[in-house]
Amino acid sequence: MAASAEVQRIVIENCAIATVDAGDTEHASGHVVVAGNRIESLSAGRAPEGLENVVRRIDATGHLVTPGLVNTHHHFYQWITRGLATDHNLFNWLVALYPTWARIDERMVSAAAQGSLAMMARGGVTTAMDHHYVFPRGSGDLSGAIIRAARETGVRFTLARGSMDRSEKDGGLPPDFAVETLEGALTATEATVDEHHDPSFGAMTQVAVAPCSPFSVSTELMRQGAELARRKGVRLHTHGSETVEEEQFCKELFGMGPTEYFESTGWLGEDVWMAHCVHMNDSDIAAFARTKTGVAHCPSSNARLAAGIARVPDMLAAGVPVGLGVDGTASNESGELHTELRNALLINRLGAHREAALNARQALRLGTYGGAQVLGRAAEIGSLEPGKLADLVLWKLDTLAHASIADPVTALVFGAAAPVTLSLVGGEPVVENGRLLHVDEDAIARDTRQEAQRLARIAAGA
């Protein structure tokens, strides 16, 4: 899309470029022209002469430009419970932490969201998401606090408004006072969509309907949640097939495996994405491919909780949309997505496909275009193409950490975590020289430490 002469331009030159477009176009040394909030042009060589209203010209020698990273699964509130239950599998980890999580409040969630977002944005995330599903009674406006934190950080954001209505008394894992009623969850979710979801091109905030998981949600909430999402025209998100215990749970309770259960409740489709999907057989993968149901692959969390290795190469070969997720920082304490590029590649090579599982460019695609597909925004973000939103990252690859790796994409994925020199969201700088521009990292660190301590005191005295 051509921009008018009045639109201000940013020109980035002398950089390697990985567009992650359909042809995986790359330039060893090229330029990108940003006009307003869009990418106007990009190509090999220097930028054209005579561009008008150039407000900034960047010599990006020694850098790689890629699309901004897209996070497809997270739980921000867990930032203030990092480092706990470090030797547990999923179900035991949940049992250990739910009593603490059930005592979160708006102030805690606000601080945790700021910490989670700051850590991701520093590492090249330009589109974030949060699956928040714990709403203790009297805890305040948790969804509003999360959305405000994303707005202040400056990143594009999807809130997956979660819910739970199956507590301990119903055979679930959460404490009774940490869940909502069926009616309360549906009403609150619809209100969140109505208040915050922006369906327009370039939206900064979108909302998805996101009951937590089969073992913490009633079948009726799954069914009615899907109906609500489709009536409102928003996406659907949940956890799926994360552990062998979950599969056993579904078979015992519903008489079918997770994928069959999801299909029976309306939870397969191109407007759905699920976190983890570790334990998927051939028929499960075929069902996801047939319906274009997306997957948020969370390799570090899957390893931390000993859940297993997701069959990502088989999913990609079948045509399943797959993106990357940090997952909650109580099961991925680093809280970064750019390290998941490397972890996705390495962990998948431990599986059946070994060295042929993933390569560097496939890993980069998972973290960019794959994530955009999963969030339903591939027409706007996820690749560097004229007309798309100017969400991009400038990675510094000329330091000691990467200096002897000739190929820049290999350096980014296989090498140490690369510093971010510049991150743009809709053409607006969010990170400069590794520092966040719109929020105070030191203040966030102080506030999150204090809120973690306050939560620990409350939980200990409960």
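No experiment lies behind these values; they were computed from the predicted model shown. (Residues numbered from 1 in each chain as written. Predicted model: local features only at pLDDT ≥ 70, side-chain atom pairs only at ≥ 80, totals over all residues. Heavy atoms only, no water.)

Draft legend 1. Molecular detail of the packing of helix α2 (residues 106-122) against helix α14 (residues 441-461). Put simply, α2 and α14 touch, their axes get as near as 9 Å, and they point 140° apart. Relative to α14, α2 is oriented oblique. The handedness of the crossing between α2 and α14 comes out as left-handed. Every residue of α14 that contacts α2 at Arg107, Met108, Ala111, Ala112, Gln114, Gly115, Ala118 and Arg122 is listed here: Glu441, Ile444, Asp447, Thr448, Glu451, Arg454, Leu455 and Ile458. Looking at the contact of α2 with α14, its residues break down into seven nonpolar, three polar and six charged. (Axes fitted to C-alpha atoms, helices over the stretch in contact; angles between N-to-C directions. Helix = DSSP H or I, 4+ residues; strand = E, 2+ residues; numbered from the N terminus. Parallel < 35°, antiparallel > 145°, perpendicular 65-115°, else oblique. Left-handed = near helix turned anticlockwise from the far one by under 90°. Contact = heavy atoms within 4.5 Å. Nonpolar A, V, L, I, M, F, W, Y, C, P; charged D, E, K, R; others polar.)

Draft legend 2. Region of interest: unusual backbone geometry. For Asn14, which is not a glycine, the phi torsion comes out positive at approximately 65°. By the secondary structure assignment, Asn14 is in strand β1 (residues 9-18). If you check the backbone angles, Val20 has positive phi at about 55° while not being a glycine. Inspection of the secondary structure assignment puts Val20 in the loop between β1 and β2 (26-35).

Draft legend 3. Representation of the packing of aromatic side chains in the model. Counted by the stated rule, this structure contains ten aromatic pairs. Ring geometry for Phe249 against Phe254: centres 6.4 Å apart, planes inclined by 80°, an arrangement best described as edge-to-face. For Phe249, a relative accessible area of 16% gives the class buried. Using a relative accessible area of 18% as the deciding quantity, one classes Phe254 as buried. With a centroid separation of 6.2 Å and 50° between ring planes, the pair formed by Tyr261 and Phe262 is classed as tilted. Comparing Tyr261 with Phe262 shows no difference in burial state: the two are buried. Members of the aromatic cluster, each reached through a chain of ring pairs, are Phe91, Phe215, Phe249, Phe254, Tyr261 and Phe262. The ring of Trp79 carries the charged tip of Arg82 above its face, separated from the ring centre by 3.8 Å. (Phe/Tyr/Trp six-rings, centres within 6.5 Å; stacked < 30°, edge-to-face > 60°. Buried < 20%, exposed > 50% of the residue type's maximum accessible area, 1.4 Å probe, protein only. Lys NZ or Arg CZ within 6 Å of the ring centre and 35° of its normal.)

None of the figures reported here should be taken as evidence of function without further support.
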